[in-house]
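Next come the chains, spelled out residue by residue.
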Amino acid sequence: MLALQQYSGSSDEDDTDKNKSKDIPVNTTEITINSEFSIKNKLAICAAPNVVPTGLDGEKMHIHPDSGELTYNPKYDVLFAPVVGPANPFKTQQQSVERNMLSGHIEKAHVSDFQFENQRRTFTSYGYALDPSISNDGHLKVVGSTDEGKDVESVKTVFETSKIRPLDKRKRKKNDNPGDIEGFLGPWGGFVDEQKVSRPTEEEQAELDEITSKKNKKGKPTEDKPIEEKSVLHIKDSVDYQGRSFLHAPQDVGVNLKSDTPPEKCFLPKSHIHTWTGHSKGVAAIRWFPRTAHLFLSASMDCRIKIWEVYNERRCIRTYYGHRQAVRDINFNNSGKLFLSAGYDRYIKLWDTETGQVVSRFTSRKIPYCVKFNPDKNKQHLFVAGTSDKKIICWDTRSGDIVQEYDRHLGAVNSITFVDENRRFVTTSDDKSLRVWEWDIPVDMKYIADPTMHSMPAVTPAPNGKWLACQSMDNKIVIFSAMNRFKINRKKTFTGHMVAGYACSLDYSPDMSYLVSGDADGKVYVWDWKTTKLYKKWKAHDNVCISVLWHPHEASKMISAGWDGVIKFWD
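Here's a quick rundown of the structure. (Residues numbered from 1 in each chain as written. Predicted model: local features only at pLDDT ≥ 70, side-chain atom pairs only at ≥ 80, totals over all residues. Heavy atoms only, no water.)

**Focus on a positive patch on the surface**
Then step 1. Taken together, the side chains of K446, R485, K487 and R490 make up a positively charged region of the molecular surface.
Then step 2. With relative accessibility at 59%, the residue R490 sits in the exposed group. (Patch = residues over 30% accessible without salt bridge, like charges linked within 9 Å, V, L, I, M, F, W, Y side chains within 5 Å. Areas by Shrake-Rupley, 256 points an atom, 1.4 Å probe, with all protein chains shown as cover. Salt bridge = Lys/Arg side-chain N within 4 Å of Asp/Glu carboxyl O. Lys, Arg positive; Asp, Glu negative; His and termini not counted. Charge placed at Lys NZ, Arg CZ, Asp CG, Glu CD. Buried < 20%, exposed > 50% of the residue type's maximum accessible area, 1.4 Å probe, protein only.)

Right, dumping it as structure tokens:
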């Protein structure tokens, strides 16, 4: 104050004093008391001085919420004091909860290994355990739904003695004397009054018998004998005036049925000229008689197989009865005198075409999906069948034994096609793959699978042997080369029909100018082989058109079979 008064009273000083005051810095003031001495003092100006506010305890220390270690022992009200600062009004109650992980807040707790294992074994054995979230000073709480755990006072762990159970009261037969060689029991004495042979009661036996009968009705594999096979001849003149059977090709139809050359040019069929009826259920497969194609064989879901005439009166010649369930596939041998039939009754049967007798029966206790003779003239006694247990089994018709198994597929085998002059064969399966096998070598030499491939249940080789047409389950027909590399031909893809879920077979025209296929809507589709253009389609059947075959000696005739039970002839 003295300095301020002295400074305010010196307003009339001379200019020399003012000039001196200008040289003094802003933050310093020279104070002169009397004339004997002068004190030069520097005062610092502080904008926010340290002021202790009233009403607060200066000794209280706030703890940062993220700190993990303390150097002193805080009191309870300090340790659990709220975080300093205003609360965020935009956070929900769930968001404002403190958490140290994504789903909440976890605090480490120490539990001895013995107590943890004790409660775990108690819960496994008795169905209850103590709640670990309740502290020891609180009330005990039992976790579990058993009646034993409801009474907390009687809770016993596995390491504590509990009441003797009824089975613990049973007495054992004891004879521990090792000198008694014949009567020594040891630990194998068993219990007194123990029944080692238990029989179900009358009620339990009735239930077991009912379950067994239901299993047998569901088609479980049983050792039932095959039914009695028979055949019915529907024509009176089974032989002609020269004593030749109906297997002999007619020569008065205006077509050379024994010719090895196909027609020079094929044409699209335009009209429906005949219908064969006789099956009571859908037709599953049709096959031409080898080479001449003056007859064809049909297999149906009514468990019957029929052989029909193509020319003249177009009659049903013979019906073959021999399967308990629907017939899946049929196949002639090279001469046509024998044929194989594969049914859902798990039997493959070899028939004599002319007499209708069964030559032999084969079964692997699995459903055969496809069956085919080896086309080699020296191996006509061998045939292969693709089954539902992912195997391709080769039988010898002379001995009836299995001579080879090919089991590399991962799904049921759908088709078998011989290529490369019958030295190899191609198989397709439900595992969406195509495998190429050398004959009699049970390891696939070529495996074709692609993420874009679908299952291909029907495969047909081209007449020139260079291509394989495969019916794909994505409503396409894909083409593979049947020579060395078995590479897919991406330029040839035939689309437009709908076959997803159905094994609709397909066929080539004899001159390889057209490709024909059935359809799930009962239609027949015809594409041009070179351009893959859809030339024609028409409604052929009321249900799925499962198979279409072009006549090998006719320029414009084909037959189609459907699930409506009829077979139609087109020209």
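Read on, since the account is not over.
**With respect to the pattern of salt bridges**
Then step 1. Within the structure shown, the criterion is met by 20 salt bridges.
Then step 2. Measuring nitrogen to oxygen at the nearest pair gives 3.6 Å for the salt bridge that ties E313 to R315.
Then step 3. What makes R315 partly exposed here is its relative accessible area of 23%.
Then step 4. As a salt-bridge pair, D420 and R423 come within 3.0 Å of each other at their nearest N and O atoms.
Then step 5. Residue classification places R423 among the partly exposed residues on the basis of a relative accessible area of 45%.
Then step 6. Salt bridges sharing common partners tie together D420, E421, R423, R424 and E438.

**Looking at the pairing of strand 20 (residues 424-429)**
Then step 1. Counting buried positions along strand 20 yields six of six residues, so the element is predominantly enclosed.
Then step 2. Neither face of strand 20 is left uncovered, since the one carrying R424, V426 and T428 and the one carrying F425, T427 and S429 both have all their residues buried.
Then step 3. Pairing geometry for strand 19 (residues 413-419) and strand 20, over six bridges, is antiparallel. Pairing of S415 across the sheet is with T428, part of strand 20.
Then step 4. Turn length for the strand 19-strand 20 hairpin, with the two strands adjacent in sequence and antiparallel, is four residues, and the turn residue D420 shows positive phi of about 55°.
Then step 5. Direction of pairing for strand 20 relative to strand 21 (residues 434-438): antiparallel, over a ladder of five bridges. Opposite V426, over in strand 21, you have V436 as the bridge partner.
Then step 6. Between strand 20 and strand 21, which follow one another and run antiparallel, lie four residues, and K432 among them has a positive phi close to 65°. (Helix = DSSP H or I, 4+ residues; strand = E, 2+ residues; numbered from the N terminus. Pairing = 2+ DSSP bridges.)

**Describing the side chain of S341**
Then step 1. Mapped onto the elements, S341 comes out in strand 12 (residues 338-343).
Then step 2. With relative accessibility at 0%, the residue S341 sits in the buried group.
Then step 3. Here H323 takes part through its side chain, which lies 2.8 Å from a polar atom of the side chain of S341.
Then step 4. A distance of 2.8 Å separates polar atoms of two side chains, one belonging to S341 and the other to W351.
Then step 5. For S341, the residues in contact, after removing those within four places along its chain, are I305, H323, V327, D329, I330, Y347, I348, K349 and W351. (Polar contact = N/O pair within 3.5 Å; in protein donor to acceptor, adjacent residues only side chain to side chain. Contact = heavy atoms within 4.5 Å.)

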